[in-house]
Amino acid sequence: MSIIKPRRWAPIGALVALAALGAACGGGDETKTVTAADYAFQDLPSEVDAGTTLKLENASTKELHEMVVFRIPDAERRSVEELVKLPEDQQEAIFGAGPPAMVLLAPPGGGEVIKAVGNGKLTEKGRYAVVCFIPVGADPAAYLQAGPDGPPPAGNSPPHVAQGMFGQITVK
Ligand SMILES: [Cu+2]
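So, how was this worked out
- Residues numbered from 1 in each chain as written.
- Predicted model: local features only at pLDDT ≥ 70, side-chain atom pairs only at ≥ 80, totals over all residues.
- Helix = DSSP H or I, 4+ residues; strand = E, 2+ residues; numbered from the N terminus.
- Buried ≥ 20, exposed ≤ 12 C-beta atoms within 10 Å, placed from the backbone.
- Contact = placed C-beta atoms within 7 Å.

## Structural notes on the overall build of the protein chain
- Secondary structure assignment for the protein chain yields four helices and 10 strands.
- Its helices and strands taken in sequence order, the protein chain reads α-β-β-β-β-β-α-α-β-β-β-β-α-β from the N to the C terminus.
- When each of the 172 residues of the protein chain is scored for burial, the buried share is 32%.
- Sequence-distant contacts, at least 24 apart, represent 73% of the contacts inside the protein chain between residues at least 6 apart.

Next up, the structure:
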């Protein structure tokens with residue numbers, strides 16, 4: 001399973017510029033709140049208008065959750081369920097081609113959400129995969145305070161995506 005680290009994705013400036021472009025083109029400016037639970041995304045809308053902002057709330061009292069949102073290439077027809085079960089190198093080829101549209105991290109117990117990549121706004125039309133890669137049982141504080149070397153090793157803990165924490169959103 002892919003262990004993609006949010007801090008590998010640096011070009012936040014480009015995403016902010018895209019977001020500004022999207023705003024100029026009009027479209028929706030709604031906000032939808034997605035709830036992260038152990039181990040699923042709840043209230044994930046299946047379709048939103050371009051310009052919609054996603055917020056993340058963590059309903060868990062013990063697990064850190066993240067919402068990594070990748071745009072799926074237009075030529076890719078497989079479901080998100082199929083894509084997240086591919087071997088790591090094939091997943092990287094699909095999801096690792098560019099930075100994700102957003103990475104939001106929500107600590108357990110209702111702590112402040114961290115916008116690691118993007119501002120939560122979806123501006124480009126298309127199909128998106130929504131995934132949480134946090135390892136089961138990860139120490140939230142250690143994970144959030146990780147330095148440039150990335151989060152602590154996951155050991156044998158599977159990522160939440162392997163427990164079913166994934167979904168799909170279409171931006172129209
Ligand atoms: Cu999670």
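## Things to note about unusual backbone geometry
- Of the consecutive residues D38 and Y39, the connecting peptide bond is found in the cis state with omega at 5°.
- Summarising the element assignment, Y39 is placed in the loop between β1 (31-37) and β2 (40-42).
- Positive phi is not limited to glycine here, since D43 has a value of about 60°.
- Judged by C-beta crowding, with 11 C-beta atoms within 10 Å, D43 ranks as exposed.

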